[in-house]
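Listed here are the chains, written in short residue letters.
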Amino acid sequence: MTDKRGTGGAGGWRIDTHNHAVPPKMQEWAVKAGILPPNQSRWPTWARWSLAATEEVMAENEIAAVVTSSPAPFEVFRDAAQVKEGARVINESLADLVREQPARFGFFAFLPLTDVDDALEETAYALDTLEADGVLLLTHVDGTYIGDKSFEPLFAELDRRHAVALVHPQFLPGGTPPGIPDFMGDFLLDTTRAALSLMIGGTLERHENLSIILSHGGGFLPYMAARIDSRSHDEEGIEPGILRSYVRRFYYDTAMPTSPYATPSLLGSADHSRILYGTDYSMRAAEATRYVTQELVRDPLIGPELHRRIERDNALRLLPTLAKRIGAAL
């Protein structure tokens, strides 16, 4: 992959906004908490994260910087107290990574949504003390999606701060049918449900200063946007034009990945200034990350100027703290 359209650190130029890390401090805590088994050979691939492997993936895919996160599903924790403790470990671990290489890493802070007061406390600590680039919002807590009014105090605070939030899926309420991998359909539906809850519940209307990134190209949202529009005519109190504007207000990453099937819907639904390069590494293996990037590079519907915007410029505009760190290093 030698298709360079910009400059960046360590030979890269792309900005990966959908990236996951599990630094050693986080690994150690997860073992002690019983979330990971003591025997590393039994760890899932994503839990075996290492900085060296990440840097290899970045070099291979010409990635200048990644904005990483750790979307641990709430189901893996024992209770809300452990979620709160884990959030602090996750965020301090990722902040350490950024401090070590400020022009190469950023992070979205994990918020313990199992308790809104805990989430507000962690938001303040992560953004003010740890200087996170934004926050990570998992889609639901015990089946209650984030557009529910119970989360309103958190969204009001994020709006006040003009924050950036990455919405990331987890297991669907009710589980996955046998024989159907969750990443193939459930995760996409989960993101779509979260987006719809934010739209229909009025969160987007109330909080115009909040920037929200939808993982995996928005799940099914771009593909079924016309259905939202047409069905809204049947529902009292929902204006079709408003719903259309909400679809274009979201940011979308390319970790779906882009393809001859998905790209036309994404480009037709999304504001092109709100599409971001994302790989989903290390939840995806290095080989899959290479595939995601190559498919984006080869996509015939995306020209050179739009490539530059998707793969770098849009992210730097959205994340001024990251842009400042990269600029300081050049």
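Residues numbered from 1 in each chain as written. Predicted model: local features only at pLDDT ≥ 70, side-chain atom pairs only at ≥ 80, totals over all residues. Heavy atoms only, no water.

Q: Would you take a moment to explain the overall build of the protein for this structure?
A: Looking only at helices and strands, one finds 13 helices and 10 strands in the protein. The C-alpha atoms of the protein give a radius of gyration of 19 Å, which matches the 20 Å a tight globule of 330 residues would have. Each principal axis of the C-alpha distribution contributes one length, and for the protein these read about 55 × 50 × 45 Å. Out of the 330 residues belonging to the protein, those deemed buried represent 53%. For the protein, contacts bridging at least 24 residues in sequence account for 76% of all contacts bridging at least 6. Total accessible area computed for the protein in this model is approximately 14,300 Å², and 53% of it derives from carbon and sulfur atoms. Here the protein carries 32 positive and 45 negative side-chain charges, and the mean point of each set is 4 Å from the other. (Helix = DSSP H or I, 4+ residues; strand = E, 2+ residues; numbered from the N terminus. Rg over C-alpha atoms; globule rule 2.2 N^0.38 Å. Buried < 20%, exposed > 50% of the residue type's maximum accessible area, 1.4 Å probe, protein only. Contact = heavy atoms within 4.5 Å. Areas by Shrake-Rupley, 256 points an atom, 1.4 Å probe, with all protein chains shown as cover. Lys, Arg positive; Asp, Glu negative; His and termini not counted. Charge placed at Lys NZ, Arg CZ, Asp CG, Glu CD.)

Q: Hey, could you run me through the packing of helix H1 (residues 24–32) against helix H3 (residues 80–100) in this one?
A: Describing two packed helices takes the angle between their axes plus the distance from one axis to the other. Closest axis-to-axis distance for the H1/H3 pair is 8 Å, and the angle between their directions is 160°. Comparing their axes, H3 and H1 come out roughly antiparallel. Between H1 and H3, the contacting residues are Lys-25, Met-26 and Trp-29 on the first element and Gln-82, Glu-85, Gly-86, Val-89, Ile-90, Glu-92, Ser-93 and Leu-94 on the second. (Axes fitted to C-alpha atoms, helices over the stretch in contact; angles between N-to-C directions. Parallel < 35°, antiparallel > 145°, perpendicular 65-115°, else oblique.)

Q: It is not clear to me how the sheet that holds strand S7 (residues 164–168) should be interpreted in this structure. Could you clarify?
A: Working definition: the strands of a sheet are paired by backbone hydrogen bonds and lie parallel or antiparallel to each other. Across the sheet, eight strands lie side by side as S1-S2-S3-S4-S7-S8-S9-S10; this open sheet has parallel pairing. Each having just a single partner strand, strand S1 (14–20) and strand S10 (275–276) make up the two edges of the open sheet. As judged from the three bridges shared by strand S3 (residues 105–110) and strand S4 (residues 134–138), these two strands associate in the parallel manner. Within the sheet, the bridge partner assigned to Ala-109 lies in S4 and is Val-135. (Pairing = 2+ DSSP bridges.)

Q: Even after reading the chapter, I still don't get the environment of Ala-30, so can you show me in this structure?
A: Here Ala-30 shows up in helix H1. Along the primary structure Ala-30 and Val-89 are separated by 59 residues, whereas in three dimensions their C-alpha atoms are 9.4 Å apart.

Q: Is there a simple way to explain the pairing of S3 in this structure?
A: In summary, the side chains of a regular strand alternate between the two faces of the sheet. Where burial is concerned, most of S3 is hidden: six out of the six residues are buried. Two elements, strand S2 (residues 63–69) and S3, share three bridges in a ladder whose sense is parallel. If you follow Thr-68 over to S3, its bridge partner there is Phe-107. Taken together, S3, helix H4 (residues 116–129) and S4 form a β-α-β motif whose crossover is right-handed. (Right-handed = clockwise from strand over helix to strand, strands pointing away.)

Q: What exactly am I supposed to notice about helix H6 (residues 186–200) here?
A: One full turn of an α-helix is made of 3.6 residues, so residues set three or four places apart face in the same direction. Between its first and last C-alpha atoms H6 spans 21 Å; for 15 residues at 1.5 Å apiece the expected length is 21 Å, and the two agree. Buried residues of H6: Asp-186, Phe-187, Leu-188, Asp-190, Thr-191, Thr-192, Ala-194, Ala-195, Ser-197, Leu-198 and Met-199, and no others. Directly beyond the C-terminal end of H6, a positive phi value near 90° is found at Gly-202. (Expected span 1.5 Å × (residues − 1).)

Q: Would you mind going over the side chain of Glu-122 with me for this structure?
A: As for its placement among the helices and strands, Glu-122 is situated in helix H4. Among the polar contacts made by the side chain of Glu-122, one reaches the side chain of Asn-91 at a distance of 2.9 Å. (Polar contact = N/O pair within 3.5 Å; in protein donor to acceptor, adjacent residues only side chain to side chain.)

Q: Please clarify how the confidence of the model for the protein should be interpreted in this entry.
A: In low-pLDDT regions, the fine details of the predicted coordinates are not to be read closely. Predicted confidence across the protein gives a mean pLDDT of 91, with 93% of residues reaching 70 or more. Counting interchain partners and residues more than four positions distant, the pLDDT-below-50 stretch residues 2–9 has 24 contacts. (pLDDT = per-residue confidence, 0-100.)

Q: Just to check I follow, could you spell out unusual backbone geometry for this structure?
A: Apart from glycine, the bulk of residues carry a negative phi angle, and the bulk of peptide bonds sit in the trans form. Cis geometry marks the peptide bond from Tyr-281 to Ser-282; its omega dihedral reads 10°. On the secondary structure map, Ser-282 appears in the loop between S10 and helix H11 (286–298). Even without being a glycine, His-162 presents a positive backbone phi close to 55°. Mapped onto the elements, His-162 comes out in the loop between helix H5 (152–160) and S7. We classify His-162 as exposed; its relative accessible area is 51%. Look at Asp-280: it is not a glycine, yet its phi comes out positive at around 75°.

Q: Help me out: how do you make sense of the pattern of salt bridges in this one?
A: Should the charged atoms of two oppositely charged side chains come close, the side chains can pair. As enumerated under the stated definition, the model contains 16 salt bridges in all. The partner of Arg-99 in a salt bridge is Asp-96, and the shortest N-O contact between them spans 2.5 Å. With Arg-99 and Asp-96 both in helix H3, this residue pair falls three residues apart, about one helical turn. One network of salt bridges, in which partners are shared, links Asp-128, Glu-157, Arg-160 and Arg-161. (Salt bridge = Lys/Arg side-chain N within 4 Å of Asp/Glu carboxyl O.)

Q: So what exactly am I meant to see when it comes to the packing of H4 against H5 here?
A: Relative to each other, H4 and H5 sit at 15°, their axes nearing to 9 Å. The angle between H4 and H5 places the two elements in the roughly parallel class. The way H4 lies across H5 gives a crossing that is right-handed. Across from Val-116, Ala-119, Leu-120 and Thr-123 in H4, the residues of H5 making contact are Pro-153, Leu-154, Glu-157 and Leu-158. The residue inventory of the contact of H4 with H5, partitioned by class, reads six nonpolar, one polar and one charged. (Left-handed = near helix turned anticlockwise from the far one by under 90°. Nonpolar A, V, L, I, M, F, W, Y, C, P; charged D, E, K, R; others polar.)

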